[in-house]
Amino acid sequence: MISIIRHNLIDLPIGYSINYYWCSGSLLSFIMFIQVLSGVILSFLYIADSNISFSIVMNLSNDSFLTWCLRYWHMLGVNILFILLFIHMGRSLYYSSYNITNVWNVGFIIYLLVMGEAFTGYILPWHQMSYWAATVITSIIDSIPVFGGVVFKYVVGGFSVSGDTLIRIFSVHVCLGFVILGLMVLHVYYLHQSGSNNPLVSGFLFSDLIYFHSYHSVKDLFVLVSVIGFILGWLFYCPDMLVDIEAYLEADSLNTPVSIKPEWYFLMFYSILRCIASKIGGIVLIFCILFLLWLPVGSYTQVYSVLRQILFWSIVSLFFILTYLGSCHPEYPYLIICQICSILMVVLIFIFKLHLSFNYNYWL
């Protein structure tokens, strides 16, 4: 055991040119572990019952300072987790790290599971926004042709979102956390087996390799302490900054909120689903985006390509635009802009991957 730890954390050969963007991986591991640990403790205090779940969650914030810290750390940790996850994936796309196929495939599965974990956790407090978000998302399953209705009944436990749905979601939320931790171990295993990419997008030479400790471990520790300080400042200064007002109202199936919207990390997909008249069309468009993002293609030193820079930052800009539009009311001109940006997102990602593939063949 000691030799395994030493080989992976101390004597691991790693490139000297790796910068602070590569610290996101270790930060994600730490934050995810803390999320699972705090979630397990909260699961001891939570009861999946539509009649009392909301009051239990509110009592966690009102009865004790320690339970208040625990709950809000768990809430803020999700936001930090997705910020780091987007940085991690953006760095992988920018520096063509997806050429390491095993690492990229497992990492992309982790991203999909983290989205499922975040969505199920968002429903558990059983407030107005979580209830109606569950109603909207599960209705998409019901719209799937042929077998959608049958799957919908198994997912929600009946004909509509209810207490049975809450019990199912709670079980999935608890189990997914441990599945993600296991996949993260596999992700790190494949990474250490094949080696990491570097900003120069060049193969490792013996002159460029150094031990992980202490040059890179100190950098990771510095970033970790900085992020924890940021979370603590956020926790004690403005913990409700990203919490919707509807999160303080108990779920009511007879009272629809004026504007139903998920958390910010789902707003891009929500804006795409909302701007397409057909639910199936919106799902197909989202699957196209996810498939093109995942698609591993061969690439060479594309970090020095001007066209690649333009394409990448255009995709990032569209992500922020769609995220903002997802928080706006579904009306003109927002819906038209969403449709244009959604199509552009698919086209630009396709050109981005196609451009890399052509250049790779050219260099070969």
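Quick summary incoming for the structure in this document. (Residues numbered from 1 in each chain as written. Predicted model: local features only at pLDDT ≥ 70, side-chain atom pairs only at ≥ 80, totals over all residues. Heavy atoms only, no water.)

1. Quick notes on the overall build of the protein
Using the following cut-off: The numbering of helices and of strands both runs from the N terminus, where a helix is a DSSP run of H or I of at least 4 residues and a strand a run of E of at least 2. Burial classification: accessible surface area is computed with a 1.4 Å probe over protein chains only, and a residue below 20% of its type maximum counts as buried, one above 50% as exposed, and the rest as partly exposed. Between two residues, a contact is recorded if the distance between any of their heavy atoms is within 4.5 Å. Surface accessibility in these figures is a Shrake-Rupley result with a 1.4 Å probe; residues are shielded only by whichever protein chains are displayed.
When its secondary structure is counted, the protein shows 13 helices and two strands. Looking at the protein as a whole, 45% of its 364 residues are labelled buried. Considering only contacts in the protein between residues 6 or more positions apart, those separated by 24 or more positions represent 80%. Roughly 18700 Å² of accessible area belongs to the protein as shown, and the carbon and sulfur atoms make up 73% of that amount.

2. Describing the nonpolar core
Going by this rule: Residues enter a nonpolar core if they are buried and are Ala, Val, Leu, Ile, Met, Phe, Trp, Tyr or Cys, with the set joined through side-chain atoms within 4.5 Å.
Residues Phe 82, Tyr 111 and Met 345 are the most contacted members of the largest nonpolar core, which totals 69 residues. For Phe 82, the contacting residues outside a window of four places in its chain are Val 114, Met 115, Ala 118, Trp 264 and Tyr 265.

3. Looking at helix H3 (residues 53–62)
Taking burial as the measure, the ten residues of H3 include seven buried ones, the bulk of the element. Here the buried face of H3 lies against helix H2 (24–45), helix H4 (65–94) and helix H8 (163–194).

4. Some points on the environment of Val 284
Relative to the assigned elements, Val 284 resides in helix H11 (residues 279–294). By relative accessible area, which is 45% here, Val 284 ends up partly exposed.

5. Describing the packing of aromatic side chains
Heads up, the rule is: Think of it this way: a Phe, Tyr or Trp ring, Trp meaning its six-membered ring, pairs with another when their centres are within 6.5 Å, and the plane angle makes it stacked under 30 degrees, edge-to-face over 60, tilted otherwise. Criterion for a charge above a ring: Arg CZ or Lys NZ at most 6 Å from the ring centre, at most 35 degrees from the ring normal.
The tally for this structure, following the rule as stated, stands at 29 aromatic pairs. For the pair Trp 264 and Tyr 265, a centre-to-centre distance of 5.5 Å together with 75° between the ring planes defines the contact as edge-to-face. Three or more aromatic residues joined by ring pairs make a cluster, and in this case those are Phe 82, Phe 86, Tyr 98, Trp 104, Phe 108, Tyr 111, Trp 264, Tyr 265, Phe 266, Phe 319 and Phe 320. Against the face of Tyr 20 rests Lys 219, its NZ or CZ located 5.1 Å from the ring centre. Positioned over the ring face of Tyr 94 is Arg 308, at 5.3 Å from the centre of the ring.

6. Overview of empty space enclosed by the protein
Which entries qualify depends on this criterion: Every definition here rests on a 1 Å grid over the protein atoms only: cavities are sets of points where a 1.4 Å probe fits but cannot get out, pockets are open sets enclosed by protein on both sides within 12 Å along at least five of seven lines, and lining residues have some atom within 4 Å of a point. Grid points are joined across faces, edges and corners, and a volume is the space filled by probe spheres set on the points. Gly is put with the polar residues, along with every residue not named as nonpolar or charged; the nonpolar set is Ala, Val, Leu, Ile, Met, Phe, Trp, Tyr, Cys and Pro, and the charged set is Asp, Glu, Lys and Arg.
Applying the stated criterion across every chain yields a total of two cavities of 30 Å³ or more. What the largest cavity holds in volume is close to 850 Å³. What lines the largest cavity is a set of 41 residues, among which His 74, Met 75, Gly 121, Tyr 122 and His 173 lie closest to the centre. Taken together, the elements giving at least two residues each to the lining of the largest cavity come down to H2, H3, H4, helix H5 (101–123) and H8. With eight residues, H4 is the largest single contributor of residues to the lining of the largest cavity. Split into classes, the residues belonging to the lining of the largest cavity amount to 28 nonpolar, nine polar and four charged. Computed from the structure, the second largest cavity encloses a volume of approximately 30 Å³. What lines the second largest cavity is Ile 31, Ile 34, Gln 35, Trp 73, Gly 77 and Ile 231.

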